Amino acid sequence: YVKIVKIKGEFVWHRHDAEDEMFFIVKGNLVIKIRDTKEREITLSENEFVIIPKGVEHMPVAEDEVWLMVIEPKTTINTGNVTDDRTVEEPEWI
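So, here is what we can say about the structure in this document.

Bringing the overall build of the chain into the picture now. When you go through the chain residue by residue, the secondary structure sums to zero helices and six strands. Relative to the globule expectation of 12 Å for 94 residues, the C-alpha radius of gyration of the chain, 12 Å, shows essentially globular dimensions. Along the first, second and third principal axes, the C-alpha atoms of the chain reach 35 × 30 × 20 Å. Buried positions account for 35% of the 94 residues belonging to the chain. Surface summary for the chain: the accessible area is close to 6100 Å², and the carbon and sulfur share equals 51%. Within the chain, one finds 12 positive and 20 negative side-chain charges whose respective centroids are separated by 1 Å.

Written out as structure tokens, the structure reads:
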């Protein structure tokens, strides 16, 4: 699925055990914190993208509002292995 998302602030540390997740930056700048073999950050600007491999713990951080295009399977839950008030099990269709 192609999902269009707006985010601002820190998201939640999470991972997707069964699927990769692709983030394409439509507008703004995004930092994705990663925890794999070591903790690191990936900084993305407009028209850049990254694929986070399945099983890699990550946390998107947007200082200002960022517009994202996320490409992932239909069944992917936005908060991965974490359930909290930001979990969206049924994304809104537009």
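Of all hydrophobic cores here, the largest spans 15 residues; its most connected members are F23, L30, I32, V50, I52, V66 and L68. Looking at this core, the elements that each hand over two or more residues are strand 2 (21-27), strand 3 (30-35), strand 4 (39-44), strand 5 (49-52) and strand 6 (57-71). A per-element tally of this core places strand 6 first, with four residues. Apart from the residues lying within four places of it in its own chain, the contact partners of L30 are I7, I25, I42, T43, L44, P60, V61, A62, V66 and L68.

Turning our attention to the layout of surface pockets. Within this model, the largest pocket holds a volume of roughly 870 Å³. Taken together, 32 residues make up the lining of the largest pocket; nearest its centre are K3, I4, V5, V88 and P91. Elements with a contribution of two residues or more to the lining of the largest pocket: strand 1 (2-10), strand 2 and strand 6. Broken down by element, the lining of the largest pocket gets its largest block of residues, nine residues, from strand 1. Each residue belonging to the lining of the largest pocket can be placed in one class, and the counts come to 15 nonpolar, six polar and 11 charged.

This part is about the side chain of E21. Summarising the element assignment, E21 is placed in strand 2. Of the side chains with opposite charge, K3 lies nearest to the buried E21, which makes no salt bridge, at 7.0 Å. Only 2.8 Å separates the side chain of E21 from the side chain of H58, close enough to count as a polar contact. With near-sequence residues (within four places) excluded, E21 lies in contact with H14, H16, V50, I51, I52, H58, V70, I71 and E72.

Attention now moves to a nonpolar patch on the surface. Taken together, the side chains of V2, I4 and I71 make up a nonpolar region of the molecular surface, amounting to roughly 280 Å² of accessible area. With respect to the helices, strands and loops of the structure, V2 is situated in strand 1.

Basis of the calculations
Residues numbered from 1 in each chain as written. Predicted model: local features only at pLDDT ≥ 70, side-chain atom pairs only at ≥ 80, totals over all residues. Heavy atoms only, no water. Helix = DSSP H or I, 4+ residues; strand = E, 2+ residues; numbered from the N terminus. Rg over C-alpha atoms; globule rule 2.2 N^0.38 Å. Buried < 20%, exposed > 50% of the residue type's maximum accessible area, 1.4 Å probe, protein only. Areas by Shrake-Rupley, 256 points an atom, 1.4 Å probe, with all protein chains shown as cover. Lys, Arg positive; Asp, Glu negative; His and termini not counted. Charge placed at Lys NZ, Arg CZ, Asp CG, Glu CD. Core = buried A, V, L, I, M, F, W, Y, C linked by side-chain atoms within 4.5 Å. Contact = heavy atoms within 4.5 Å. 1 Å grid on protein atoms, 1.4 Å probe; cavity = no way out; pocket = protein on both sides within 12 Å on 5 of 7 lines; lining within 4 Å. Points joined across faces, edges and corners; volume = space filled by probe spheres on them. Nonpolar A, V, L, I, M, F, W, Y, C, P; charged D, E, K, R; others polar. Salt bridge = Lys/Arg side-chain N within 4 Å of Asp/Glu carboxyl O. Polar contact = N/O pair within 3.5 Å; in protein donor to acceptor, adjacent residues only side chain to side chain. Patch = residues over 30% accessible without salt bridge, like charges linked within 9 Å, V, L, I, M, F, W, Y side chains within 5 Å.

Purely geometric stuff here, so don't read any function into it on its own.
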